[in-house]
Amino acid sequence: MRTLLLLAFISTSLLALAQGGRSGGQGENPFKVTGSLLDASTGAPLEYATISLLQSTDSTLVDGIVTDANGKFEINGRPGSYLLKIQFISYQAKFISVTFNRENRLVDIGKVKLSPDSSILDEVVVTGNKSQMQLELDKRVFNVGEDLANIGSNASEIIDNLPSVSVDVEGNVSLRGSSNVRILVNGKPSGLVGLNNADGLRQLQGDLIERIEVVTNPSARYDAEGSAGIINIILKKERESGFNGSFTANTGYPYNHGFSGNANYRSGSFNLFGSYGIGYRENPGGGFTDRTSFGNDTTYTFIDNDRVRSGISNNFRVGTDFYINEKNIITASGLVRISDEENTTEITYFDSDRDKVLYSNTYRKDIETEDDNNHEYQMQYKRIMKGEGHELTAELQYRDNREVEKSSIDSANLFTNSELVKYQRSINEQIDKNTLIQVDYVYPFGEGKKFEAGYRGTIREIGSDYLVEEVDGQGGWAPLANFSNEFNYNEDVHAAYSIFENKMAKWGYQIGLRAEQTYISTYQRETDDSKKKDYLNFFPSAFLSYKLTKMQTVQASYSRRLSRPRFWYLNPFFSFSDPRNLRAGNTDLNPEFTDSYEMGLLNNFNHSSLYLGAYYRYTTGVIERVKTVYDESENSTLSIPRNIGTENAYGIEANFNADPLKWLNINGNINFYRAITNGSYGDLELNRDTYSSRFRLNSRVKLGKVDMQLSGNYRAPENTTQGKREGQYSIDLGANMDVMKKNGTLTLSVRDLFNSRKYRGETITDDFIEMSEFRWRSRQIRLSFTYRINQTKKRSRGERDDDSGGDDMEF
C-alpha cells in the first residue's frame, strides 16, 4: 500500500509538471517529421532502417537518423521543401515529399510499409559492419560480435574487453574503478547470471550475445541497484519473416570447444525464436602469495597456487511473440542453463623462520565438482494504444537457480615425505528463487513530450547449506567448527517510478523520481541469529541535452543510486578453498549510496566521432574487504567486507571512432580517474588517494576479403586502502573472412597474445606484508566458423549508406 501511494504521489507531481510545461509554451516549437516503418508482409517494425532528409533541389543531405526498436523515428528540419528517403537493406526504398512552413511545423507520415526487393534479396552485399560502439542518450552500446577477439569467448571475457570495464582474478566486474555494478540480461535480472555473477558470466557463451549496453548514469526507469552503473546483456533474437538463423562452431587451445545457434521463424501473427549453446572449456591459471608476518616473531610464507577450471555448459532459450492484432502482443519465453564443472586446485605452502630456514612444507589438492541448474520463465503483454508511442507493458518472471558444490581435499607433508591422504571434504547446496512483476506505462503528448510511470516488485529467497568435515582421530568424519553453517536470505523490493521528458529542436531534458521500499531478513542456523532491515529511499534522476550544431551535442546528467550488499558479502560462513587466505561475509553490512554526476560533449564528423566526458561520484557507506591476521600460528589471514566510510571519485573519459580510409577503422577509449577514500575499521585507518587510468585502442583493417583486427588494453597501477594493484596490459589479434557466397564466416583469433593478462598486487598492514600474483586464464587461440541461413550481416543502429555522410555514433 505504501508503494502504491508513493507511485500515485510521484506520478501526480510529474504529470502536473508536464501539464504546466504544456501550458507554459512550446519552447522553440521545432519543425519535425515523424513516422514508423513496418514490414509490409508481417507488420513487424523495422529497426535500424535509414531515414535521410534531402534538399528537394539537389538531394543534399540535411540530416539523417535510424529507426528505433519499434521502427519509429523523428527528424528535425527548417522551413522549406525536402525529400524524405527511407531505405532498409534488401527492401525497396521509398521517397516522400515533405514541406515545412508556419502552418505545417509537424509532419506525421504515419505508418510506412516497406516490401522486400526480390531483385536484390539474393545478391545483396553489405560493405559496412556494425560500429563496435554506439553512443546513445543514456548509455553506450557495444556490438560485441564485431570485435574479432570475442569470437568463441564467454560473457566474462567479452565484458573484460569493454572500455572502462574490468574483470578481476575472481571474475568480479568493475566499471570506472568501482565494483558496484548491476548485471542484467535483456533489461532484467536473469538466471543466466546465476547465484554468482562471476560463475554465471563464465558459463554464458558469447556467441549467444547480440550486444552489451553500459549505462553509467541510469535514469529512474532502471533499478536503483548498482552505484557505478548497469551492464545490460542483450541476447540474440530475430524478428524477420520466414525462417532464418545462424550457427557457430568453435575450437581452441587451451581446450575451448563449442557450438551455438539461434533460429527464428515468423509467419502471420506468430514469431518463434530459439537458441542453444554448448561449450567445453579448460582454463589453466594460478599464481602465488609471498607473505611476511610480524607477530611474536617474523615468519615468511610462500604459497604457490595452480588451478585448472574445466566444465561443460548448456544454454537453451525458446520463446514466441503472438500478435493478437497490431495493438496487442504477447511474448512468452523460457531458458535453461545446465552446467557441470570440475575444478582442480593444487596449493603448496612453504613456511620459513626469521632466518628464512624452511620449517614446514605442505601440499593440498582440492578437486571440486559443481553442478548448476538454472530455469527461467517469462511472460509479457504489450498494449499499443492510440497515439504514437502510447503503450502499456506488463511482465511476469520467475527464476529458480540451484547449485551444488562438492570438494574432496587431500593433503601431504612434503617436509616429512608423507603420502597424499584424503582428510577433508565439503558440500555446499545453494538455492536462489526470484519472482519479478513489472508494469510500465508510456504516454507521449504535445510535441516531443512524454510521461512514463511504472512499478517493479521483486521477491527473492536465497539459501546456502555449507558443511565442511575433517577426518577425526578414529578415522571418521566430524564437522569443522566455524566453517559449517546454514544461511538464509530473503529480500523484497517494491519500486515505483515516474519520468517526464521534453525534446525540443535544440534542447531536451528528462526528470524522474524512483521510490524503493526494501525488506531484508537473514537467518544463520549455527548461532540462531536473525536480522531484519527495511528502508525506504528516493532516487531522483535528471538529464539535460543541448544540440550546439548538427554535429555537436552536449549532455549533463545526475542520478542517485545504491548498492545493496551481495549475498556472499552477507553470508558469514568461511570459505575453505585456501585455509591460509580465508574469506567470510558480514550480516551487519548496510548498503552504499552514491550521487553520480556526468557531463559530456559529442562531436560528429563526416568520417569520425569524438566523445569527451567528465564524471563525479560521491559514495557513503563504502563497502570494502578488510584483511587481517586470523591465526598467527597458521600464518593465515581473514578477509571480511566492512562499511568503512566515504569516497569521492572524479574522472574524465574520451571515446573516439574514425574511418580515415575505406579499409581502416580506428576506435578507442581513454579513462583517467582519481579516487579519495576516507575510512576506518576499529584501529585501522583505511584511507587512499589514488590516480589511475585505463586505455583501449582497436584498429580494424580490410585487406581484400580478409578483415584483420589488433586491439590493446592497459590498466595503470592503483592504490587501495590496504596496498596497491599493479598495472596490467594485454594484446588481442584476430582475422576473419567471408566464405560460401558470404553465408559463412571463418574467424581466427588470439586473445592475450603475450600472455600478460594477470593480476599483481600488494597488501601492507602493521601485522603483515604480502605480494601476490594471479592469472585467471592463459593465452587463448580460437578458430570458429559461422553459417547464416537467410540472414545477411546486420546493419547497426548508426550505420548509413555512403551518400548520407553520417557517423556510427548517435546521441
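Look above for the structure.
Residues numbered from 1 in each chain as written. Predicted model: local features only at pLDDT ≥ 70, side-chain atom pairs only at ≥ 80, totals over all residues. Heavy atoms only, no water.

A tally of regular secondary structure across the protein chain gives five helices and 43 strands. Burial statistics for the protein chain: of 811 residues in total, 54% are counted as buried. A fraction of 67% describes how many contacts in the protein chain between residues 6 or more apart in sequence connect residues 24 or more apart. A total accessible area of about 34200 Å² is found for the protein chain, and carbon and sulfur atoms account for 55% of it. (Helix = DSSP H or I, 4+ residues; strand = E, 2+ residues; numbered from the N terminus. Buried < 20%, exposed > 50% of the residue type's maximum accessible area, 1.4 Å probe, protein only. Contact = heavy atoms within 4.5 Å. Areas by Shrake-Rupley, 256 points an atom, 1.4 Å probe, with all protein chains shown as cover.)

We now examine the sheet that holds strand β1 (residues 31–39). Spatially, β4-β1-β7 is the arrangement adopted by the three strands of the open sheet, whose pairing is mixed. Edge positions in the sheet fall to β4 (72–77) and β7 (106–114), since each has one partner strand and no second. Recorded for the sheet is a direction-independent mean angle of 20 degrees between the axes of neighbouring strands. (Pairing = 2+ DSSP bridges. Axes fitted to C-alpha atoms, helices over the stretch in contact; angles between N-to-C directions.)

The subject of this paragraph is the nonpolar core. Nonpolar side chains in soluble globular proteins tend to be buried together. Ile159, Val173, Ile209, Ile212, Ile231 and Ile233 are the most contacted members of the largest nonpolar core, which has 23 residues in total. Listed by contribution, the elements that provide at least two residues to this core are α3 (155–160), β10 (165–167), β11 (173–175), β12 (181–185), β13 (209–215) and β14 (229–235). What Ile233 contacts, discounting residues up to four positions off in sequence, is Ile159, Ile183, Leu184, Val185, Asn186, Leu201, Leu204, Ile209, Arg211 and Ile212. Counting 19 residues, the second largest nonpolar core, distinct from the first, contains Leu46, Ile86, Phe88 and Val112. (Core = buried A, V, L, I, M, F, W, Y, C linked by side-chain atoms within 4.5 Å.)

A few words now on the pattern of salt bridges. Tallied over the full model, the rule gives 36 salt bridges. With its nearest N and O atoms 3.7 Å apart, the salt bridge here joins Arg211 to Glu213. Here Glu516 and Arg514 are joined by a salt bridge, their closest N and O atoms 2.9 Å apart. If you follow the salt bridges from partner to partner, you end up with Asp223, Glu225, Arg456, Arg514, Glu516 and Arg564 in one network. (Salt bridge = Lys/Arg side-chain N within 4 Å of Asp/Glu carboxyl O.)

Overall, the coordinates contain 21 aromatic pairs when judged by the stated rule. Where Phe302 meets Phe350, the ring centres are 6.3 Å apart and the plane angle is 55 degrees; that geometry is what we call tilted. Of this pair, Phe302 sits in strand β18 (residues 298–325) while Phe350 sits in strand β19 (residues 328–352); the two residues are 48 residues apart in sequence, bridging distant segments of the chain. The exposure class of Phe302 is partly exposed, given its relative accessible area of 30%. Judged by relative accessible area, Phe350 falls into the partly exposed class, the value being 30%. Aromatic side chains Tyr441 and Tyr443 sit 6.4 Å apart centroid to centroid with 15 degrees between the ring planes, which places their arrangement in the stacked category. Of the residues examined, Tyr443 reaches a relative accessible area of 27% and is grouped as partly exposed. In this structure an aromatic cluster arises from ring pairing among Tyr441, Tyr443, Phe445, Phe500 and Tyr509. Over the ring of Phe768 we find Arg291; its NZ or CZ atom is 6.0 Å from the centre of that ring. Note that Lys356 overlies the ring of Tyr300, its terminal NZ or CZ placed 5.1 Å from the centroid. (Phe/Tyr/Trp six-rings, centres within 6.5 Å; stacked < 30°, edge-to-face > 60°. Lys NZ or Arg CZ within 6 Å of the ring centre and 35° of its normal.)

Everything listed is a geometric property; what it means functionally is a separate question.
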